[in-house]
There are 2 protein chains.
Amino acid sequence: MLHAVIPAGGSGTRLWPLSRATNPKFLHPLTGTADTLIQATVTRLAPVAALADTYVVTGTAHAAAIARQLPDLPESNILIEPSPRDSCAAIGLAAAVIAQRDPEAVMGSFAADHLVRDGERFTQVLRDAEAGARRGLLMTVGITPTHPETGYGYLQCGAVVDGPIRTVDEFKEKPSLDVATEYVRSGRYLWNASMFVWRVDVFLRELARQQPELHAGLIRIAAAWDGDDRDRVLGEIWPTLPKISVDYAVMEGAAAAGLVATVPGDFGWNDVGDFHTLGDVLPGDDDGNVVVGDSATLDGGKPEVLLHDCAGTVLVPQSGRLVAALGMRDVIVVDTPDAVLVCPRHRAQDVKKLVDELKERGDSRI
Amino acid sequence: MLHAVIPAGGSGTRLWPLSRATNPKFLHPLTGTADTLIQATVTRLAPVAALADTYVVTGTAHAAAIARQLPDLPESNILIEPSPRDSCAAIGLAAAVIAQRDPEAVMGSFAADHLVRDGERFTQVLRDAEAGARRGLLMTVGITPTHPETGYGYLQCGAVVDGPIRTVDEFKEKPSLDVATEYVRSGRYLWNASMFVWRVDVFLRELARQQPELHAGLIRIAAAWDGDDRDRVLGEIWPTLPKISVDYAVMEGAAAAGLVATVPGDFGWNDVGDFHTLGDVLPGDDDGNVVVGDSATLDGGKPEVLLHDCAGTVLVPQSGRLVAALGMRDVIVVDTPDAVLVCPRHRAQDVKKLVDELKERGDSRI
């Protein structure tokens, strides 16, 4: 069994106006059921991690909402960062706190706001990754690419270690389309979904080697975590920690040292990056129209959508009002209490531009 | 000078969700200014009719809203029908009440929810129509067709009477496209916009000839109108009046008797039948995007629309929320407190189908 760590941050700008800085995407029911993304993440991890061994790392803004959405999660497993210090501090804090409680632990880190279609396959892949972690490797779960995506980083795979486990020779930045096409054609590359499985002692040893200052700070914080002195130590040390991603701080150097391996994840992963992607992953009606929301709400009471001669639409009725669409193809309609968005699915990535414009205007609806 | 009569009824189903049975289109600011359609109608008529000689005929549901939107209109000029009895009863009631007050009056009847682009030309055309009315003709103002519209009835014009005045030989029902094309090509046909100008005595005489029962009832009601007995007489007689349109009840027969004439109206008329039409008639931005609403509200406070790379859209922000559109072409977005509509402009006529479906479902949001 694993210790599961769920970093919960990021506002999901391309999911505006649903996802906001104050109400980020992991808190929303974008799963095709009444579950929110973070609830679905915890449920998905249940076969490999006891709830007592499941941790969420988040900021002060969303800790209360997370506590309420996950009522059975032990309070002491919600690790609240005083301020954002990037992913290495967040994941490293969890590793250090877990190591205090169980020095032998194998932990996995999983984003709070991704979707997985095939839960059983996901569990199987994690068991393979755990086997690699137990033999002292820093394991990543790479995603088998379905297309030459330019929005993700890639893992360049090397020699077979054992079974499905292969070494990761290099972490590659987001590529151009030509390069991505070549990556996919070669069969040697996986998407980097920042999904990690490792022994906490191995990770902390590598952190100490590559980021001694960050390591020392996190160890001091973890030592104080379960005592009376946590707030003082955290308040003193946390703001001094380097702001750096775990990929850049640890994984790239570890890969160069031959310490990183991967198992391919072919379980229908989706990072729910925008409404178009969301429409692809959630079930639709016979014409491919997808209604995103709490299905319990959708089924009860007044109908929230009224479609007439529509196909391929993604509708997000989240204000209680009726969303009516007539004769629309491949369009996104998002309805929230203070803003409504309409855009074609192929422009879903550009929703970020609207948010940028609102930010410039000083509009609070971001 | 005229007596102006404004029948204010009809919910404008194709303008759902903005226009509702409880909040019909003439009460909405669809004019490109802060004015509502009925306010713009009264303003447009000011050069030809004193406010003391301007009447609105409406049902019980909207009398209070009309009284507030037209605060300077004399209360006694708001004629409230106890129940809808079609246009002949409504217009005939006004004619009979006006005849009581001024037997020599020339009255014009004008829908509460149409738009006119060129107010000066409109005034000139009405003066021509008034001249025809004074010589004892039942005048219509026909609209010079701009395209072979199948959604309107047509006036078949005959001999020249004097200046721009021509006889109307026949009223034609809504034609097929082939027939409408032939009408427009011939130059002999005008759109029937149900805009009438006549001496009240001439109209009432013709009503008496063709609809003696309706005439008798209206005369009895009008006689009681300004006295203590109005409610009793109205309550007794009104429900017994035949439900019939003025075109069918009076005008067709009068045309056959050679009593009807017309002047062509080339003043940029629009019946604001649907959102597409509304987009055509209101001013847009450089990309042809039209924002429909109270311009005072739109200019002050938070921006209500955010457009990025859009063209030809018709946006109706009427809930106070932000309406954001990205990469949309020729689409309609209507935002109201309890429903939002998205549809292509070329499907604007079919909005009625959505309303029909809601009606079937027993949904109150119609």
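Residues numbered from 1 in each chain as written. Chains lettered and ligands numbered in written order. Predicted model: local features only at pLDDT ≥ 70, side-chain atom pairs only at ≥ 80, totals over all residues. Heavy atoms only, no water.

- As named in an unreviewed UniProt entry, chain A is mannose-1-phosphate guanylyltransferase, taken from Catellatospora bangladeshensis.
- Listed under Sequence similarities (unreviewed entry) in UniProt, the entry text for chain A is "Belongs to the mannose-6-phosphate isomerase type 2 family." (UniProt positions renumbered as here; feature names shortened; annotations may be inferred.)

Section: the UniProt feature "domain: MannoseP isomerase/GMP-like beta-helix" (unreviewed entry) in chain A
Turning to step 1, where the next piece is worked out: Here the UniProt feature "domain: MannoseP isomerase/GMP-like beta-helix" (unreviewed entry) sits at residues 315-358 of chain A.
Turning to step 2, where the next piece is worked out: The span residues 315-358 of chain A is 18% helix and 43% strand, and its two end C-alpha atoms sit 22 Å from each other. (Helix = DSSP H or I, 4+ residues; strand = E, 2+ residues; numbered from the N terminus.)

Looking at the interface of chain B and chain A
Turning to step 1, where the next piece is worked out: Contact residues are listed per partner, giving 40 residues for chain B and 40 residues for chain A.
Turning to step 2, where the next piece is worked out: Interface area, chain B with chain A, both sides summed: about 3,300 Å², of which 60% is carbon and sulfur.
Turning to step 3, where the next piece is worked out: Here chain B and chain A share four salt bridges between them.
Turning to step 4, where the next piece is worked out: Across the pair R347 of chain A and D309 of chain B runs a salt bridge, and its minimum N-O distance is 2.8 Å.
Turning to step 5, where the next piece is worked out: Where chain B meets chain A, there are 17 residue pairs in polar contact (both at pLDDT 80 or more).
Turning to step 6, where the next piece is worked out: Those elements that place two or more of their residues in the side of chain B that touches chain A are β13 (305-308), β15 (322-326), β16 (331-335), β17 (339-344) and α12 (351-361) of chain B. (Contact = heavy atoms within 4.5 Å. Buried area = accessible area lost by both parts, 1.4 Å probe. Salt bridge = Lys/Arg side-chain N within 4 Å of Asp/Glu carboxyl O. Polar contact = N/O pair within 3.5 Å; in protein donor to acceptor, adjacent residues only side chain to side chain.)

Side note on the packing of aromatic side chains
Residues and elements named next belong to chain A.
Turning to step 1, where the next piece is worked out: In the structure shown here, the tally under the stated rule is 18 aromatic pairs over all chains.
Turning to step 2, where the next piece is worked out: When the centroid spacing of 4.2 Å and the interplanar angle of 10° are considered together, the rings of W198 and F203 count as stacked.
Turning to step 3, where the next piece is worked out: For F203, a relative accessible area of 0% corresponds to the buried category.
Turning to step 4, where the next piece is worked out: Each residue in the set F110, F122 and F267 is aromatic and connected to the rest through ring pairs, giving one cluster. (Phe/Tyr/Trp six-rings, centres within 6.5 Å; stacked < 30°, edge-to-face > 60°. Buried < 20%, exposed > 50% of the residue type's maximum accessible area, 1.4 Å probe, protein only.)

Description of helix α1 (residues 37-45) of chain A
All names here are of chain A.
Turning to step 1, where the next piece is worked out: Counting buried residues in α1 gives eight out of nine residues, a clear majority hidden from the surface.
Turning to step 2, where the next piece is worked out: Of all the residues in α1, the buried ones are L37, I38, Q39, A40, T41, V42, R44 and L45.
Turning to step 3, where the next piece is worked out: In this structure, the buried side of α1 is in contact with β1 (3-8), β2 (54-59), α2 (63-69), β5 (115-116) and α4 (119-134).

A closer look at the sheet that holds β16 of chain B
Turning to step 1, where the next piece is worked out: Within the open sheet, the six strands sit side by side as β13(A)-β15(A)-β17(B)-β16(B)-β14(B)-β12(B). Their pairing is mixed. The open sheet has two edge strands, β13 (305-308) of chain A together with β12 (290-291) of chain B, and neither has a second partner.
Turning to step 2, where the next piece is worked out: Note: β12 of chain B against strand β14 (residues 314-317) of chain B, two bridges, orientation parallel. In the sheet register, V291 of chain B faces β14 of chain B, and the bridge partner there is L315 of chain B. (Pairing = 2+ DSSP bridges.)

A few points about the UniProt feature "domain: Nucleotidyl transferase" (unreviewed entry) in chain A
Turning to step 1, where the next piece is worked out: Under the feature "domain: Nucleotidyl transferase" (unreviewed entry), the UniProt entry names residues 4-281 of chain A.
Turning to step 2, where the next piece is worked out: Note that residues 4-281 of chain A is 39% helix and 23% strand, and that its end C-alpha atoms are spaced 24 Å apart.

Considering the relation of the copies chain B and chain A
Turning to step 1, where the next piece is worked out: With an RMSD of 0.0 Å, the fit of chain B onto chain A corresponds to turning through 180° and sliding 0.0 Å along the axis. Taken together, the turn and the small shift mark the pair as related by a two-fold rotation axis.
Turning to step 2, where the next piece is worked out: A shared interface surface links the copies, since 100% of the contact residues of chain B are contact residues in chain A too. (Least-squares fit on C-alpha atoms with pLDDT ≥ 70 in both.)

Side note on the domain arrangement of chain A
Residues and elements named next belong to chain A.
Turning to step 1, where the next piece is worked out: Under the domain assignment used here, chain A contains domain 1 (3-270) and domain 2 (275-361).
Turning to step 2, where the next piece is worked out: Here domain 1 and domain 2 have C-alpha centroids that lie 29 Å from each other.
Turning to step 3, where the next piece is worked out: At the junction of the two partners, domain 1 supplies 15 residues and domain 2 supplies 23 residues.
Turning to step 4, where the next piece is worked out: Buried area between domain 1 and domain 2, both sides added, is near 1,800 Å², and the carbon and sulfur share of it is 70%.
Turning to step 5, where the next piece is worked out: Broken down residue by residue, the surface that domain 1 buries against domain 2 is led by R14, W16 and L18, which jointly contribute 34%.
Turning to step 6, where the next piece is worked out: Here domain 1 is connected to domain 2 by one salt bridge. (Domains from an automatic or database assignment.)

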